[in-house]
Every structure is written in C-alpha cells, then in structure tokens.
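# Structural overview for review
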Amino acid sequence: MKRSRSIVGVAVVVSSIVLVGAGVMAHRAIEQLSAAGDAVVRAKEIELDYVRLLSTIRDAETGQRGYLLTNDADYLAPYEAALRDLEERINTVTVHVRDDGGKVEDLIPLQNFLKRKLEELARTVQLNRAGQHDAAIAVVQSDEGRELMDDIRAFVGTRVREQQASVTNLQALQSNALSDSVRTSIVVSALAILLTMLLVYIVRRDSGKLRESENRLAITLRSIGDAVIATDERGVVTMTNPVAEKLTGWPRADAVGKPLDEVFRIVNEQTRVPVESPVAKVLREGGIVGLANHTVLIRRDAQETAIEDSGAPILDDSGHTTGVVLVFRDATTERASKKALHEADRRKDEFLATLAHELRNPLAPIRQAASTAAHRSATPEQVQWSLGVIQRQVAHMARLLDDLLDVSRITRGRLEVRPARVALKTIVDAAVEIAQPALNAGKHQLSVELPAEPVDLNVDALRIAQVFGNLLTNAAKYTQTGGQIRLVAERAEKDVLIRVIDNGIGLAADDLPRIFEMFTQVSASADRPNTGLGIGLALSRALVELHGGAIEAKSAGPGQGSEFIVRLALA
Ligand code: ADP
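Just so it is clear, the model here is predicted, and its values are computed rather than measured.

Attention now goes to the overall build of the protein. When helices and strands are counted, the protein shows 15 helices and 14 strands. Relative to a compact globule of 571 residues, whose C-alpha radius of gyration would be 25 Å, the protein shows 65 Å and is clearly more extended. Within the protein, residue pairs in contact and separated by at least 24 positions form 66% of the contacts whose partners lie at least 6 positions apart. In the structure as shown, the protein presents an accessible area of about 32700 Å², 56% of it carried by carbon and sulfur atoms.

The structure is reproduced here in structure tokens:
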C-alpha cells in the first residue's frame, strides 16, 4: 500500500512537471502565433502602403500626361488629387515602417525620388499653363521623368518583395507554432489518459488489497482465543469478536455503536467498585496498559466472570490515536488455581507450626520420666513407670515421623505398595491393634462385624492396616469418652465395603470435602482436640487409591457421629 502511494506521488510529480512545461510551451506558442499574426498584418499593410503610393504617383503622372496631350484642364483634377493624397501616403508608410521597427531613414531615397518626380510634373504643368507647350513636351521627352518613375517602381518593387518575404517567414513561424501547440496538446492529453489509467489501476488494486487484508484481519480476530473489542477515540465500540460476544453477552450488532462502558462493565472483585474505563486509561497513558487486578466482568445478563485484560491505543500512519483495542480473557480457572496455590501454601505454614508443636509435646513427659528414673531415691515401680512413659512417647514420635516420611514419599510419588493375597480379618486385627491405645484411652466400645464367609483381598497388608488403624484412631480421638465405635465389612459384588462408624462429634457438611486434603484439620473447638498433623486422612486416601480403591466420609452433622467408608476390590 505504501509502495503504491509512492508510485502515485511520483506519477503526480512527473505529470505536474510535464503539465507545467506543456503549459509554458503552449503559452509561448500562442504568444508566437499572435505576434506572428500582428507582424503579418503590419507587413501586409506596409506592402499595401507601397502599392498605393506607387499608384498615386502613377495617377499624378497620368493626369499630367493627359493635360499635356489634350491641353484639357480637366486632366489636372486627378493630378491635383494625387498630389494631395501623396503626402498622406508618404506619412502613412513612414508611420507603419516605424511601427514595424523598420528604419525611417531607409525611406529617404524614395522621398527624394518622389520629390524630384513631383518637381518634374509641376514644371511641365507650369510650362504648359504658361503656353510653352513644346518646352513642356521636351521635358517629358527628356527621359528624366521616366527614369525617376523607374527608380520609384524599383524601390517600391524591392520593398514589396521584402514585405512578401517577411510575410512568408512569418507564416512559416505561425505554422510551426501551431504544430508545436498541437504536439503539446497531444502529449498533454496522452499524459492525462495515462495518469488516469494508472490511478484507476492503483485504486482498484489497493481497494482489492485493502478488502483482502480486512478479510484476513476479521478472520484472525474471529479465530483468536482471546476476546477483542475495538473502540474509536471517543470510546464507542467499533468491533467485537465472538469470544468478546460470549464473555460480555452482547452480540456484535448490539454492541457496535454503544459506549464501551455499557458493553464492558468491570468492577473490582472484592470492593465491587467500578474499575476505571480502559479507554480513559489507555488515552491517558498512551501505551499498552494492563488493567486493574482482581477485575470481574459483568455480563449483559448480570453473570460475572473473572478476567485478565490489557488495552492498547490504535495508531494511524502518522502516530495519532484513533481508538483503543482491548484484549481480555476468562481468568476463572487461573484465579482459582492461584487461590488454591495460596491456600496450600497457607496450610503448609500451619502444618509446620503444628509439626513443631507435635514433636515437642512428647519431650516434656520423656524429660520428666527420665529425671524421675534417674533420681537416687527412685523406687523400682517409679523406674518401671518412667520406662513405660518413655516407650509410649517414643512410639508416638516414631509414628509421627513415619507418617511424615510417608507424606514426603507420596508427594514425591515414591510410595510403593506390595500387594499380596491376605484375609480381611488379618488386616482388621492389625488395625485394631494399632488403634488399641486410643480406644483404651477413650474407654470406647469397639465392635467388629465381618462377613460370615472369609474375604480375601489383594493388598499391601501393612499399608491397608495402617489406613484402618488411622480411621479407628480418629474415631476414638473424635468421640467423647465411652463412645460406640463399629467396624462393619460387607461384600458388594466384586468389592468389599468397610465402614468405620462412631457416635462422636461428627463433621459439618462444609468440612466433609476438605478433610482428605493434606495438612487439613478442622478448626479446634471445645469437644474437638487438635492433636494430629492433619495428614492422617490424606495419607489414608492416597494409600487406598494406590490400591485402586476409594474412600469417603459421611456425617449427619456436628454431634451426630461420623462414618468413613472404604471400598476395596476383592482378591
Ligand atoms: P488429624 O491428625 O488432625 O487427625 P486427619 O487427617 O486424620 O488429621 O483428620 C483431619 C481432620 O478431620 C481432623 O482434624 C478432624 O477434625 C477431622 N476428623 C477426622 N476423623 C474424624 C471423625 N471420626 N470424627 C470427626 N472428625 C474427624
């Protein structure tokens, strides 16, 4: 497009130069034509002057001859008339010669000839009047008059020929000027036709290219994954693409011509305060601007979408802002995952605090027991008691550290299970043994209900026992003293469902989906001790899933007991 503009520019400059040249040439040709025309007129006039002069002097001579031959005074009338006219004729030719730029002095010989001729005529007329007819005839016959007349004729003849030659020259000049102007007008017309053809060609080609590039742009904008809205410099929508139509809820036909603020309504996610119009911001800052964070787009039907957006000025060739283009996209998923990341980070911090606490807790009884046992006056019973405390606390710490190691293995994908055929009863017995201290501590009653016929599983017995050990320990931990805890297993087609049911503090519906997440603990309250690391259930779910099983929690609500259901495939 730029190239064709420069072609047009060059064409215009060249043709302007040619046209100006042609104009100057035409002007000159016209001037020459008119000057030549004037000169021709003057030359013809001078030629005529000479011819008239000659005929006047001839008239005078004819009158004189008639008078001398006939002695009739009537013949003197044309003679005298000629004498009267002659002076005027001489004046006229003098003036015309001077006007034509000729030399008046050149006429002196003619004037002399005429003067002498007139004297000769006047002498003969006077002699005849005086009755000296013969003397007058003798003058005529002397040849003096004839010779003078020949001189006059020769002079006039020469001048007339000169004038005729100059007329011929002038006419040649005229015809040259005429053909020059004809040539000039042919060149000018041809140039005008060429220029018109060139312009028509370029305009056609450019409009074709423009249409093509507009089409391409429209297709590109339609195919783009982001939403695009363009406005003019007043912020009136000029274009939207399908993604923008979807996100704003405004079909393009409705949006175009509307102020942007109406189509693209954005508020701050937290404060709900309308965000500054992107057009104003772009026009003020002049460059590409990222718009405010935490922006929510309110659709035409009032539905809200979290968006990320940016705006940029649309500049024309000369760098003037002719509008603004906004590019934005649905940031719901992105914002949710950012939030989740933030939440996980917060939970990890919380976990570290809990971990420090949990690891320090056993140290106080251990220190106490050790000093009791080490005392000189310690009785054997006291030493025995101290050893028991130390063993229990060390076992507790070992369990914590084992769980931690498991967590780290799970997060690194390194936890391995070694499945083998094993009876469900074996696993349940091992789990009860793990949970026994907690069950005893809470003085709970445990009932185990297994299917009458033996059930075999293909699992890593230690790991699955660890899962049920966890569930039974939790049931014991989160149930008031003297609670009822049940472990019920039943077959369901190719699976076995094992439920751990308690009549403890229960769980709120909101907490049910969260408790299987790593480092998640339900906030502590009067009847909910916070004595774990928040990793037991996450570990249990990971272990169950490693065996291709599933785990879920149910509770009718706080104070209504809980139920954890594990589904595992039969061997
Ligand atoms: P913790 O180490 O805190 O016990 P878990 O991952 O084992 O961590 O459990 C997560 C949370 O789920 C606990 O903080 C607890 O509040 C809740 N919870 C687990 N089991 C029960 C249950 N049987 N009854 C009520 N709440 C429970």
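That was the structure; now back to the text.
Looking now at the sheet that holds strand β14 (residues 562–569). Sheets are built from strands that pair by backbone hydrogen bonding, the pairs being arranged parallel or antiparallel. Pairing in this open sheet of 5 strands is mixed, and the strands run β9-β11-β12-β14-β13 from one edge to the other. If you trace the sheet from one side to the other, it starts and ends with β9 (445–449) and β13 (550–555), each paired once. Going across the sheet, the axis of each strand differs from the next one's by a mean of 15°, ignoring polarity. In the sheet, strand β12 (residues 495–502) pairs with β14 via 8 bridges, with the strands oriented antiparallel. When the bridges of β14 are listed, Asp495 appears paired with Ala569. Contacts from helix α13 (residues 424–441) reach β9, β11 (484–492) and β12, with the element oriented near 175° to β9. Each of β9, β11, β12, β13 and β14 touches helix α14 (residues 461–477); the most contacted strand, β12, lies at about 25° to it.

This part covers the side chain of Ser386. Among the structural elements, Ser386 can be located in helix α12 (residues 380–411). Other than its neighbours up to four places away in sequence, Ser386 contacts Ala369, Thr372 and Ala373.

We now examine unusual backbone geometry. For residues that are not glycine, phi is negative in most cases, and the peptide bond is trans in most cases. Positive phi is not limited to glycine here, since Asn71 has a value of about 65°. Mapped onto the elements of the fold, Asn71 is located in the loop between α1 (2–70) and α2 (76–99). We note that Asp143 has phi near 75°; this positive angle belongs to a residue other than glycine. Among the secondary structure elements, Asp143 is positioned in the loop between α4 (133–141) and α5 (144–223).

We now examine the pattern of salt bridges. Counted under the stated rule, the structure contains 33 salt bridges. Taking the shortest distance from any N to any O, the salt bridge between Arg123 and Glu144 comes out at 3.4 Å. With Arg123 in helix α3 (residues 108–129) and Glu144 in helix α5, this pair connects stretches of sequence that are 21 residues apart. Among the residues examined, Arg123 registers a relative accessible area of 37% and is labelled partly exposed. Between Arg346 and Glu350 there is a salt bridge, with its nearest N and O atoms 2.7 Å apart. In this pair, Arg346 and Glu350 both sit in helix α10 (residues 332–360), 4 residues apart, roughly one turn of the helix. What emerges from the salt-bridge pattern is a single network uniting Glu343, Arg346, Arg347, Glu350 and Glu517.

Our focus in this paragraph is the site of the ligand. Around the ligand sit 21 residues, and of these Tyr478, Asp502, Gln521, Arg528 and Leu537 come closest. Between Val522 and the ligand, the recorded distance is 3.4 Å, taken from a backbone N or O atom to an oxygen atom. Interatomic distance of 3.3 Å between a backbone N/O atom of Gly536 and an oxygen atom of the ligand. Burial of the ligand by the protein amounts to 98% of the accessible area it has alone, namely 530 Å². Of all elements in the fold, only α14, α15 (536–546) and β14 reach the threshold of two or more residues within the shell around the ligand.

By size, the foremost hydrophobic cluster in this structure holds 39 residues, and its most contacted members are Phe468 and Leu471. When sequence neighbours within four positions are dropped, the list of residues in contact with Phe468 reads Ile427, Ala431, Ile498, Val500 and Val566. Membership of the second largest hydrophobic core comes to 20 residues, among which are Leu260, Val282, Leu297 and Val324.

One can describe the packing of α13 onto α14 by two numbers: an axis separation of 7 Å at closest approach and a directional angle of 35°. Handedness of the α13/α14 crossing: right-handed. On the side of α13, the interface is formed by Ile427, Ala430, Ala431, Val432, Ile434, Ala435, Ala438 and Leu439, while α14 contributes Ala461, Ile464, Ala465, Gln466, Phe468, Gly469, Leu472, Thr473 and Ala476. Looking at the contact of α13 with α14, its residues break down into 14 nonpolar, 3 polar and no charged.

Attention now goes to α4. Within α4 the residues assigned to the buried category are Ala136, Val139 and Val140. The buried residues of α4 occupy one face: seen down the axis, they fall within an arc of 100°. Exposed residues pointing more than 90 degrees away from the buried face of α4 are listed as Asp134 and Gln141. After α4 finishes, the residue Asp143 shows a positive phi value of roughly 75°.

Right, let's talk about the environment of Ala369 for a bit. Here Ala369 is to be found in helix α11 (residues 363–374). Exposure remark for Ala369: the relative accessible area of 0% places this residue in the buried category. For the pair Ala369 and Tyr201, spaced 168 residues apart in the sequence, the C-alpha separation amounts to 104 Å. Beyond its immediate stretch of four places on either side in the chain, Ala369 contacts Trp385, Ser386, Val389 and Ile390.

With 32 residues, α12 should cover 46 Å at 1.5 Å per step; its first-to-last C-alpha distance of 46 Å lies within 8% of that length. Turning to α12, its buried residues are Ser386, Gly388, Val389, Met397, Leu400, Asp403, Leu404, Asp406 and Val407. Residues of α12 that are buried in the fold lie against α10, α11, α14 and α15. Directly after α12, the chain includes Gly413, whose backbone phi takes a positive value near 70°.

Calculation rules
- Residues numbered from 1 in each chain as written.
- Predicted model: local features only at pLDDT ≥ 70, side-chain atom pairs only at ≥ 80, totals over all residues.
- Heavy atoms only, no water.
- Helix = DSSP H or I, 4+ residues; strand = E, 2+ residues; numbered from the N terminus.
- Rg over C-alpha atoms; globule rule 2.2 N^0.38 Å.
- Contact = heavy atoms within 4.5 Å.
- Areas by Shrake-Rupley, 256 points an atom, 1.4 Å probe, with all protein chains shown as cover.
- Pairing = 2+ DSSP bridges.
- Axes fitted to C-alpha atoms, helices over the stretch in contact; angles between N-to-C directions.
- Salt bridge = Lys/Arg side-chain N within 4 Å of Asp/Glu carboxyl O.
- Buried < 20%, exposed > 50% of the residue type's maximum accessible area, 1.4 Å probe, protein only.
- Near = heavy atom within 4 Å.
- Polar contact = N/O pair within 3.5 Å; in protein donor to acceptor, adjacent residues only side chain to side chain.
- Core = buried A, V, L, I, M, F, W, Y, C linked by side-chain atoms within 4.5 Å.
- Left-handed = near helix turned anticlockwise from the far one by under 90°.
- Nonpolar A, V, L, I, M, F, W, Y, C, P; charged D, E, K, R; others polar.
- Arc of directions from axis to C-beta.
- Expected span 1.5 Å × (residues − 1).

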